[in-house]
Structures are given as structure tokens and as C-alpha cells.
Amino acid sequence: HKGSIVFCQSGRWSKQSPGEKISIRTASNSAYRFPSAYAQCFSSEQLTGGGAACSSPTGFIWLVASQPSGNGWQATCDTTQNQSASINVYAICKE
């Protein structure tokens, strides 16, 4: 599947079919200690997957929640430091 978008739906991995339109919607946020964000598919699209990435300037940071929510993807991070941190959330959407 080199160079193609793959997704898992109902426990089965699939790759993008010819002519099928896949888009990745993103959302970013920075917040003190617990950043969270929600990336939403357009109403004409169906959520097929998603994920998130966390970052902080120092110390450790964990992705503590990452799951589908409605027609989008919701995620939250937690850092061990008393500081601001950032999150990027990705929703994989099929038209």
C-alpha cells in the first residue's frame, strides 16, 4: 500500500479505491497542561479513522484519549509539567 491512504473499518484494513476521495481534516490547539481538539469531517463525508499527536517544550506528554466522536475525531493530551502543550488531531474522511 505504498503511497496510498489505508484505513481500518470494522476490523478490516482497506486501501483507497480508485476514484474514491479521502481527505484528512485537522484541528490544533494549545492549552495549559491538558490540550484537546476535535477534527470534524464535512457533512458530505463519513469518518473512517483518525489519530493525534502531542507535543510539549519540556518533560513528558501522553496522549490520554483518542477516539471517534460523532462525525469526527476527539483527542486529549496530558503533560507532567505545569506548562502549555499542543495537540494536532486528524480525522480521515471518505466522500
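Use the structure listed above.
As the structure is a computational prediction, the values presented were derived from the model and not from experiment. (Residues numbered from 1 in each chain as written. Predicted model: local features only at pLDDT ≥ 70, side-chain atom pairs only at ≥ 80, totals over all residues. Heavy atoms only, no water.)

Turning our attention to the pairing of strand β7 (residues 72-79). Of all eight residues that make up β7, six are buried, and the element is covered over most of its length. Bridge count between strand β4 (residues 36-40) and β7: five bridges; the pairing is antiparallel. Note on β7: the bridge partner recorded for A39 is W73. (Buried < 20%, exposed > 50% of the residue type's maximum accessible area, 1.4 Å probe, protein only. Helix = DSSP H or I, 4+ residues; strand = E, 2+ residues; numbered from the N terminus. Pairing = 2+ DSSP bridges.)

The subject of this paragraph is the sheet that holds strand β3 (residues 22-32). Taken together, the three strands give an open sheet; going across it, the order is β3-β8-β5, and neighbouring strands pair in antiparallel fashion. Each edge of the open sheet carries a strand with a single partner, namely β3 and β5 (46-55). Strand-to-strand twist of the sheet, defined as the mean angle between neighbouring strand axes without regard to direction, takes the value 15°. Here 11 bridges tie β3 to strand β8 (residues 84-94), and the two strands are oriented antiparallel to one another. By the bridge assignment for β8, Y32 is matched with S84. (Axes fitted to C-alpha atoms, helices over the stretch in contact; angles between N-to-C directions.)

Our next topic: the state of the cysteines. For the structure on display, the rule yields two disulfides. Here C54 pairs with C77 through a disulfide, and the sulfurs are 1.8 Å apart. Classification of the bridge connecting C54 and C77 rests on its S-S torsion, roughly -80°, and on that basis the disulfide is left-handed. Of this pair, C54 sits in strand β5 while C77 sits in strand β7, and the two are 23 residues apart along the sequence. The exposure class assigned to C54 is partly exposed, which follows from its relative accessible area of 23%. (Disulfide = S-S within 2.5 Å.)

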